[in-house]
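A closer look at the structure
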Amino acid sequence: MTLPLNPVTRGDLRSRLASPKVLWVLRLYVAALGVLAVFSLPPEGGRVPAFAETELAQLFLLFQLGWVAYLTSALAAGEIGVEGEKGVLDLAVTSFSSQTIASGKLWTAVLSAGGLVLLSVPLVILVTPALAAAPGVLRALAVMVPLAAPLAVVAAWLPAAVPSDVLRTVVHWSIFLALFAATRWLPEPWILVNPMRIVAAAYGGAPAAWPLALGPYLAAAALGWILIDRAVRAWRRESRL
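Residues numbered from 1 in each chain as written. Predicted model: local features only at pLDDT ≥ 70, side-chain atom pairs only at ≥ 80, totals over all residues. Heavy atoms only, no water.

Tallying secondary structure elements over the protein gives 10 helices and zero strands in all. Ordered by position from N to C terminus, the α and β elements of the protein give α-α-α-α-α-α-α-α-α-α. Its C-alpha radius of gyration of 19 Å places the protein within 12% of the 18 Å reference for a compact globule of 241 residues. Each principal axis of the C-alpha distribution contributes one length, and for the protein these read about 70 × 40 × 40 Å. Residue burial in the protein is summarised as follows: out of 241 residues, 44% are buried. Excluding contacts between residues fewer than 6 apart, the proportion of contacts in the protein whose partners are at least 24 apart in sequence is 78%. With the model as given, the accessible surface of the protein reaches about 12700 Å², and the carbon-plus-sulfur share is 71%. Charge-centre separation for the protein: the mean point of 17 positive side chains lies 8 Å from the mean point of 12 negative side chains. (Helix = DSSP H or I, 4+ residues; strand = E, 2+ residues; numbered from the N terminus. Rg over C-alpha atoms; globule rule 2.2 N^0.38 Å. Buried < 20%, exposed > 50% of the residue type's maximum accessible area, 1.4 Å probe, protein only. Contact = heavy atoms within 4.5 Å. Areas by Shrake-Rupley, 256 points an atom, 1.4 Å probe, with all protein chains shown as cover. Lys, Arg positive; Asp, Glu negative; His and termini not counted. Charge placed at Lys NZ, Arg CZ, Asp CG, Glu CD.)

Dropping the structure here:
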């Protein structure tokens, strides 16, 4: 018995799993995390103080968040090209409905982000300071998916909205930097929507209201879905004229 999977998502995942380029990207991702994990380990001659171990684990998680968010969105935007993967406009010529295409790109983003998070679990276990910190680490890992996936859904729409590869890369990086950098200058309590603040809050468990900061990201995912749906509808309308 097989679980039903959106056909667009199935095609995207098949292309990515068969791509040598994606394999090298995953190797680079694991290697970068591995280097940081090695430097996060206590030295041979003694133990790092508990607070320092906690700080290093949090630093590792924040570094990982940046990688997960970038790779997921770069794959969706075509900045990291995948042989055989179809973009939004390529799918517009198929018989799939616009809702199926939009939902497929959403699920591709979610599963890609989740896969990157799962791939890092052995290294995360290595840098987790103590068993007592495990719940916080699990929360931080889980929250990376709803933080990265909305950016990837919007990025999947970009090829349909911005034909130029160079301009599309500029727009993608502008959105990425605005999300990670510009939100750091927001006043309290809005600064909590910064993705690094959310991961840190999930890891530490405070402030207690941190899950509310995920609201704008869920809204962004819905917006990305709507933009893809409308882009497919508009292209099909124009092609019939």
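Anyway, onward from the coordinates.
Interaxial distance between helix α5 (residues 98-119) and helix α10 (residues 215-239) falls to 8 Å at its minimum, and their mutual angle equals 140 degrees. In terms of orientation, α5 and α10 fall into the oblique class. α5 and α10 meet at a crossing whose hand is right-handed. Residues S98, Q99, I101, A102, S103, K105 and L106 of α5 pack against A221, W225, I228, D229, V232, R233 and R236 of α10. Considered class by class, the residues forming the contact of α5 with α10 number seven nonpolar, three polar and four charged. (Axes fitted to C-alpha atoms, helices over the stretch in contact; angles between N-to-C directions. Parallel < 35°, antiparallel > 145°, perpendicular 65-115°, else oblique. Left-handed = near helix turned anticlockwise from the far one by under 90°. Nonpolar A, V, L, I, M, F, W, Y, C, P; charged D, E, K, R; others polar.)

Right, let's get into the side chain of S98. Examined against the element boundaries, S98 turns out to sit in helix α5. Judged by relative accessible area, S98 falls into the buried class, the value being 5%. Side chain to side chain, S98 and R233 meet in a polar contact 3.4 Å long. (Polar contact = N/O pair within 3.5 Å; in protein donor to acceptor, adjacent residues only side chain to side chain.)

This paragraph deals with the confidence of the model for the protein. Averaged over every residue, the pLDDT of the protein is 89; residues scoring 70 or more account for 93%. The lowest-confidence element of the protein is helix α3 (residues 50-77), averaging 86 in pLDDT; the highest-confidence one is α5, averaging 96. When the criterion is pLDDT under 50, residues 45-51 qualifies, and its contacts beyond four places in sequence or with other chains add up to five contacts. (pLDDT = per-residue confidence, 0-100.)

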